[in-house]
Amino acid sequence: MILVIDDDSAIRASLKLLLKRKGYEVVAVPGPAEALEIVRNTAPELILMDMNFSFSTKGEEGLELLKKVKIFQPNVPVIFITAWGTINLAVEGMKQGAVDFITKPWDNLVLLQRIETILQLTSGKPDSPSLPDKFDRSHIIGKSPALANVLDTVRRIARTNASVLITGESGTGKELIAEALHRNSLRSANPFVKVNLGGISQSLFESEMFGHKKGAFTDAFADRQGRFSMADTGTIFLDEIGDLDLNCQVKLLRVLQEQTFEPLGESKPRKVNVRVISATNADLKKMVQEKLFREDLLYRINLITIHLPALRERVEDIPLLAQYFADEMCKANSLGKVGFTKDALDYLATLPYPGNIRELKNLVERCALISGKDMLTADDIKAQYETAAGTGSIQLQGLSLDELEKASIIEHLNKFNNNISQVAEALKISRAALYRRMEKYNIKR
Ligand SMILES: Nc1ncnc2c1ncn2[C@@H]1O[C@H](COP(=O)(O)OP(=O)(O)OP(=O)(O)O)[C@@H](O)[C@H]1O
Ligand SMILES: [Mg+2]
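Residues take numbers from 1 onward in each chain, read along the sequence in its written order. Going through the entries in the order they are written, you letter the chains from A and number the ligands from 1. Given that this is a predicted model, residues contribute local features only at a pLDDT of at least 70 and side-chain atom pairs are listed and counted only at 80 or more, while totals for whole chains, interfaces and linings are drawn from all residues.

K.L.:
What am I meant to see in the sheet that holds strand β2 (residues 26-29) here?
P.N.:
The pairing of strands in a sheet happens through backbone hydrogen bonds and is either parallel or antiparallel. For two strands to be treated as a pair, DSSP must find no fewer than two bridges joining them. Numbering of helices and strands runs from the N terminus, with a helix taken as a DSSP run of H or I at least four residues long and a strand as a DSSP run of E at least two residues long. Strand order in the open sheet made by the five strands is β2-β1-β3-β4-β5, with parallel pairing throughout. In this open sheet, the two strands that pair with only one neighbour each are β2 and β5 (100-104). Recorded for the sheet is a direction-independent mean angle of 20° between the axes of neighbouring strands. In this sheet, strand β3 (residues 46-50) lies alongside strand β1 (residues 2-5) in parallel orientation, the contact comprising four bridges. Across the sheet, I2 pairs through a bridge with L46, a residue of β3. Helix α5 (residues 108-123) rests against β3, β4 (78-83) and β5 of the sheet, and its axis sits at about 170° to β5. Lines fitted to C-alpha atoms define the axes, with helix axes restricted to the stretch in contact, and inter-axis angles between N-to-C directions lie between 0 and 180 degrees. A pair of residues counts as a contact when their C-beta atoms, built from backbone coordinates, are separated by no more than 7 Å.

Spelled out as structure tokens, the structure:
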């Protein structure tokens, strides 16, 4: 049963109709007193709750009611209904245990999708119909408990429309996991559109994401399709979402919230149906505290968070990964099979891998290509590892990835006389991304 709580009788009636048509059993009540009477005795599968009752001013009543509901039914998922202007209130609700929020006026299809997603995620039945019968993990190598855990989550949520945030250090396989989510989803035959948000400048953001009409601005010589319409019916992968500046964040929030956007130069809003997967190696919670990332956007993108452990936290996967990368490399170059001595594998397991799996992959590929042997020893690998560390200027040797990044930014700032746009362009990152990194490394102009 879905419990609807709203003081507006027209809203109650329309929600009741909408949900009943979808086959849900619905009970709709006007206020907290009636609602509490119900949750005292029965556990609804889901509660859809307005935050602002007419006699209330700021929605504290919605929050108050949430607290009381949770006393009787701690596990029932609650979706708040809120006005766009009071979205911060919904964010407060999320902090206090609501699972989602939807802004008024809502789109019926978006609302139904959200409800369905939440019910799929919370039904908790191991044989829930949303589970795929066979899970395709191809190209994802490893049998560490850490990775098994990740894959288990992927398998559980792949066929829902839940927004997923994938976190983890550089090179841990975030993109690979995003692809696996899509491949195992009901949308797998539809587009998977990847957007690197760190690489889009603020001025091009809207045109890139939402498209434009010919003549919408000086350089718009032809119509252009944006990434959101390309991804329609499929999945959009928002990579490096922590690099997005605040201006663009609010534009993104709007389309994610309402599944509607307007191409530049077009006044009619367009509908899309996209599943959103984001990835970042930044600490978004910390960025929220520092006011660099919108909290409402964070809640919108991370109904589910998947954290990918660093390679050093799953060293038991190193031998499997090494052999896999060597095999792939040899196949691609029509070389005979290359193996590793026990010493070689032991040595590989001792390296620090700040670049994680990507670093291991590069190292193994170089070894397989260059050594010319069919059995690689610890010395072969050591030789390649040390050459790699020694490439570039000698001073860079032994620096961590972060230190290298910092050094490169300082060098470019000097070179371009502190001109942020030029530095960002030279480093092929957005200005926001540059600012964020300067702040991270405490670099002053
Ligand atoms: N478990 C795995 N099995 C096989 N290959 C993997 C695995 N994890 C990562 N890789 C490979 O390692 C490389 C880096 O992975 P990926 O690009 O997904 O990382 P990422 O987390 O997105 O990195 P970044 O933050 O730098 O964008 C890719 O070539 C990917 O195919
Ligand atoms: Mg990536």
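K.L.:
Whenever I open this one, the packing of helix α2 (residues 32-41) against helix α3 (residues 60-72) confuses me. Can you help?
P.N.:
Each packed pair of helices is defined by two parameters, the angle between the axes and the distance between the axes. In the contact formed by α2 and α3, the axes pass within 9 Å of each other and the chain directions differ by 15°. By the angle between their directions, the pair α2 and α3 is classed as roughly parallel. Between α2 and α3 the crossing geometry is right-handed. Contacts between α2 and α3 involve P32, A35, L36, V39 and R40 from the first element and E61, L65, K68, V69 and F72 from the second. A breakdown of the residues in the contact of α2 with α3 according to their chemical character gives seven nonpolar, no polar and three charged. Should an angle fall under 35 degrees it is called roughly parallel, over 145 degrees roughly antiparallel, and 65 to 115 degrees roughly perpendicular, with every other angle called oblique. The crossing is said to be left-handed when, going from far helix to near helix, the turn is anticlockwise and less than a right angle, and right-handed when the turn is clockwise. Residue polarity is assigned by list, with Asp, Glu, Lys and Arg as charged and Ala, Val, Leu, Ile, Met, Phe, Trp, Tyr, Cys and Pro as nonpolar; anything else, Gly included, falls into the polar class.

K.L.:
In this structure, what is going on with the environment of A282? I would like to understand it.
P.N.:
Within the secondary structure layout, A282 lies in the loop between β13 (275-280) and α11 (284-289). In this scheme every C-beta is placed from the backbone, and a residue whose C-beta has 20 or more other C-beta atoms within 10 Å is buried, one with 12 or fewer is exposed, and one in between is partly exposed. By C-beta crowding, A282 is classed as partly exposed, having 19 other C-beta atoms within 10 Å. As a C-alpha pair, A282 and T82 span 200 residues in sequence and 29 Å in three-dimensional space. For A282, the residues in contact, after removing those within four places along its chain, are G242 and M287.

K.L.:
I'm lost on helix α19 (residues 431-440) in this one. Help?
P.N.:
Because the α-helix completes a turn every 3.6 residues, residues three or four places apart line up on one side. The complete set of buried residues in α19 reads A432, A433, L434, R436 and R437. Packed against the buried residues of α19 are α17 (401-415) and α18 (420-427). Taken from the residues just after α19, N442 is the one with a positive phi, measuring 55°.

K.L.:
When you look at the sheet that holds strand β7 (residues 192-196) in this model, what are you seeing that I'm missing?
P.N.:
Strand order across the open sheet formed by five strands is β7-β10-β13-β6-β14, with parallel pairing between neighbours. Of all strands in the sheet, those with a lone pairing partner are β7 and β14 (304-307), marking the two edges. Strand-to-strand twist in this sheet, taken as the mean axis angle between neighbours without regard to direction, amounts to 20°. Strand direction decides the pairing type here: strand β10 (residues 235-239) and β13, joined by four bridges, are parallel. When the sheet's bridge partners are listed, I236 is paired in β13 with V276.

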